[in-house]
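# What the coordinates show
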Amino acid sequence: AGMATDIIDNVARAAGVIKHVRDFARQSERDLKKLVLNDPINDVFKVLGHQLAVHSIQVSLNLDPELPEIRAEHNRLEQVFINLVTNAIDSMDEKEEKTEGKVEKLLEISTFSENGWVVAKVSDTGMGMTDEVKRKIFEPFFTTKETGKGTGLGTSISFGIIKDYGGSIDIQSQYGHGATFIVKFPAAE
């Protein structure tokens with residue numbers, strides 16, 4: 001591919017990113033409804049179930065059936081968890097590429113409630129993150145992926161959505177030892 005093709009590809013990609021941001025901004029007429037966090041999480045597996053199987057990732061779901069409702073939007077939460085799960089898949093694949101021998105590839109998602117918060121934990125056995133990456137991961141356009149692989153938009157947009165619903169997200173991770181994302185939302189009155 002010549003330089004011209006590269007430029008065209010990059011412009012096309014940038015245009016796609018900008019359109020995505022615009023569509024996203026346009027969705028700001030929020031339509032918050034009461035929902036159970038388990039529902040958008042379960043729907044992620046309708047979207048990514050095949051991909052998880054192809055990458056031979058084991059999934060362990062531990063969703064509390066008694067979860068209080070939160071106020072949010074189903075499809076936007078689904079986007080958040082699709083982003084977290086996709087990143088987990090990439091991280092586990094990367095660890096597999098860099099490791100000789102067998103690598104455990106396990107995605108664990110649990111939900112529970114504590115002190116008026118509804119909590120979801122998403123854990124993977126992937127590469128994990130350095131402190132620097134943990135600090136930067138929510139900045140717009142930050143990405144650890146090679147150019148062209150990810151726009152880096154996913155995580156900062158996810159963070160924006162979570163904050164929008166009065167929630168928070170934290171990361172527990174040691175480089176080389178996987179990562180856990182902890183997402184919390186206030187339970188609906």
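If you're wondering where the values come from, they're calculated on a predicted model, not measured in any experiment. (Residues numbered from 1 in each chain as written. Predicted model: local features only at pLDDT ≥ 70, side-chain atom pairs only at ≥ 80, totals over all residues. Heavy atoms only, no water.)

A few words on the pairing of strand 5 (residues 117-124). Of all eight residues that make up strand 5, six are buried, and the element is covered over most of its length. Sheet topology places strand 4 (residues 106-114) next to strand 5; eight bridges connect them, and they run antiparallel. Following the sheet pairing, E108 is matched in strand 5 by S123. Taking the residues that link successive antiparallel strands as the turn, the strand 4-strand 5 hairpin has two residues, and the phi of N115 there is positive, at about 45°. (Buried < 20%, exposed > 50% of the residue type's maximum accessible area, 1.4 Å probe, protein only. Helix = DSSP H or I, 4+ residues; strand = E, 2+ residues; numbered from the N terminus. Pairing = 2+ DSSP bridges.)

This paragraph deals with the packing of aromatic side chains. Evaluation of the coordinates by the stated rule reveals one aromatic pair. Ring centres of Y165 and F185 lie 6.4 Å apart, and the angle between their planes is 50°; on these two criteria the pair is classed as tilted. Pair noted here: Y165 is in the loop between helix 5 (153-164) and strand 6 (168-173) and F185 is in strand 7 (residues 179-186), with a separation of 20 residues, a long-range link. Y165 gets classed as buried once you look at its relative accessible area, which sits at 6%. The exposure class assigned to F185 is buried, which follows from its relative accessible area of 1%. (Phe/Tyr/Trp six-rings, centres within 6.5 Å; stacked < 30°, edge-to-face > 60°.)

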